[in-house]
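# Inside the fold
Read off the chains here:
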Amino acid sequence: MGLKLREKAASFLFEYDTPRMVLVKNKKVGLIFRLIQLVVLGYIIGWVFLYEKGYQSQDGIISSVSVKLKGLTVTNISGIGPHVWDVADYVFPPQGDSSFVVMTNVIITRGQKQDICPELPDAGQCNYDGDCIQGKYSRQGQGIMTGKCVDFNNNVTTCEIFGWCPVEEDDQIPDPPMLLEAENFTLFIKNSITFPTFKVSRRNLVEGITTSYLKKCTYHKHTDPFCPVFELGYIVKESGQNFRALALKGGVVGITIDWDCDLDWPVTYCKPVYQFHGLYNDDNNVSPGFNFRYAKYYRDNGTDYRTLYKVFGIRFDILVNGKAGKFDIIPTMTTIGSGIGIFGVVSIDMSSLHVNMQIILLVCGTEVKVTLSYSKIPAPRRHPPGPLNVENAKRIEKIFPCNRAHLSPDPLDMNKPQCNGD
């Protein structure tokens, strides 16, 4: 057992073998082999090196976004009269985050105060007091039930509630949207990024953008692709949606800023690319649109009042993506090594054709000539026999005549009898 282990260990440590090479002299097989090599070479050079930039090390992005909106519109709402809306009225939140809402439609309920009043029929319809459990509330309700069933109008009775009265009635959405003019509002995006590994920082206010240019430019993907000022109508249109339909009940639009930078070139070539995406599916009628509520409070004669706003708007989400690459010897050598390894695999697989040569013959219907490479080991040199050896050879020849060719000093002597093995 110990001897076998030592032999195996010695074989593993001190022996070396190489694969046998196969030479296949056939045009079809040779052409297939070269085509496979060409495909592998194209993959390594075209995809790995040029497209994926396998010779570069990569770095991710750290980003910051801030926005500013500009635009004014006027409405004339019944009970309110003419009203001018500016950015402080229709942008939420007001500080300009990367995710914000622009109000495009609104339902206003004025003069609400803490009181008792009938619930809406959709949330609290009843026939008698037992249908209204005191202290409970309906999921769709707007207050706490008092336990009484009262008249909502001449035809319908609903549960009485304690809450903000009068209750909000939001079943009639203004059409056309009240702030349809928001289509012409402008959005200014400021984006700062950095690639920490390479210590490179950039802004979307790239070279060539000046103060005077900012005052008059508006983004267009062909004529002004680097202008950071966007019309909301253009953004919605490029996202594949209709602004009027989106403004009626609200929706969501995504804005992506892509930074794909090759830092082997001057940093001025590192510029943003803007894209717009519709994230709202109007094919589904369940809970359509985007809306939320907020209130403005005031006090009159010691009583607290509020004006409730149900806001329908377009939510904009700004997403920043990016990566940077720069030449690095380590990924370059790794990629080259991988390519050499793939070439080796192709060569080994093709050399194994000699194992299945009968299959190739059947498929191709031709003769395939295979030559195996090998190393010749020279035979030991033999010295001419001396005088004493000749005498012994003659004696052996009489007994074993067929061995004379190996023992005679002149094995080609044609006067001597020949054996079948000669």
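Scroll up a little and you will see the structure.
Let me sum up the structure you'll find in this document.

## Observations concerning helix α1 (residues 2–14)
Counted at 1.5 Å a residue, the expected span for α1 with its 13 residues is 18 Å, and the 18 Å between its end C-alpha atoms agrees. By the criterion of burial, α1 is predominantly exposed, with just zero of the 13 residues buried.

## Describing the pattern of salt bridges
Counting across every chain of the model gives nine salt bridges. The closest approach of N and O atoms between R202 and E207, which form a salt bridge, is 2.9 Å. Overall, E207 belongs to the partly exposed group, its relative accessible area being 43%. A salt bridge links D317 to R315, with the nearest nitrogen and oxygen atoms 3.0 Å apart. Overall, D317 belongs to the buried group, its relative accessible area being 16%. Judged by its relative accessible area of 31%, R315 falls in the partly exposed class.

## Details of the environment of F327
By the secondary structure assignment, F327 is in strand β16 (residues 303–327). C-alpha of F327 to C-alpha of D264: the two residues are 63 residues apart in sequence and 6.6 Å apart in space. Residues within four places of F327 in sequence aside, it is in contact with Y55, Q56, D264 and T332.

## Describing unusual backbone geometry
Trans peptide bonds make up the majority, and among non-glycine residues the majority have a negative phi. Between F92 and P93 the backbone carries a cis peptide bond, its omega angle lying at -10°. Residue position: P93 is located in the loop between β6 (91–92) and β7 (99–118). Following C165, the chain continues into P166 via a peptide bond in cis, with omega recorded as 0°. Residue placement: P166 occurs in the loop between β9 (157–165) and β10 (186–195). The phi torsion at K199 lies on the positive side, around 55°, for a residue other than glycine. Summarising the element assignment, K199 is placed in the loop between β10 and β11 (200–203).

## Examining the nonpolar core
Ranked by size, the top nonpolar core spans 48 residues in total, and within it L187, I189, F195, L232, I235 and F316 carry the most contacts. Counting residues per element, this core draws most heavily on β16, which supplies seven residues. In this structure, C117, L120, C126 and C132 belong to the second largest nonpolar core, which totals 10 residues.

## Concerning the state of the cysteines
For the coordinates displayed, the defined rule picks out five disulfides. At a sulfur-sulfur separation of 2.0 Å, the disulfide partner of C117 is C165. Across the S-S bond linking C117 and C165, the dihedral sits near -75°, which makes this disulfide left-handed. Residue C117 is found in strand β7, and its partner C165 is found in strand β9; the two are separated by 48 residues along the sequence. Across the disulfide from C217 sits C227; the S-S distance is 2.0 Å. Between C217 and C227 the sulfur-sulfur dihedral comes to about 75°; the bridge is accordingly right-handed. Within this pair, whereas C217 is found in the loop between α5 (211–216) and β12 (229–231), its partner C227 is found in the loop between α5 and β12, the two being separated by 10 residues in sequence. Comparing C217 with C227, the two get one shared label, buried. The cystine pairing of the protein, numbering bonded cysteines in sequence order, is 1-6, 2-4, 3-5, 7-8, 9-10.

Conventions used here
Counting starts from 1 at the beginning of each chain's written sequence and moves along it residue by residue. Note on the predicted model: pLDDT of at least 70 is required for a residue's local features to be given, and 80 or more for side-chain atom pairs to be given and counted; whole-chain, interface and lining totals, by contrast, use all residues. To obtain the side-chain values, all non-hydrogen atoms of the structure were used and water was disregarded. Numbering of helices and strands runs from the N terminus; a helix is a DSSP stretch of H or I covering at least four residues, while a strand is a stretch of E covering at least two. Given the number of residues in a helix, its expected span is that number minus one, multiplied by 1.5 Å. Each residue is assigned to one of three classes by its accessible area relative to the maximum for its type, calculated with a 1.4 Å probe on protein chains only: buried under 20%, partly exposed between the two thresholds, exposed over 50%. Salt bridge, as applied in this entry: a Lys or Arg side-chain nitrogen positioned within 4 Å of an Asp or Glu carboxyl oxygen. Contacts between residues were defined by any pair of non-hydrogen atoms, one from each residue, lying within 4.5 Å. Here the nonpolar core consists of buried residues drawn from Ala, Val, Leu, Ile, Met, Phe, Trp, Tyr and Cys, with membership extended through side-chain atoms lying within 4.5 Å. Any two cysteine sulfur atoms within 2.5 Å of one another count as a disulfide.

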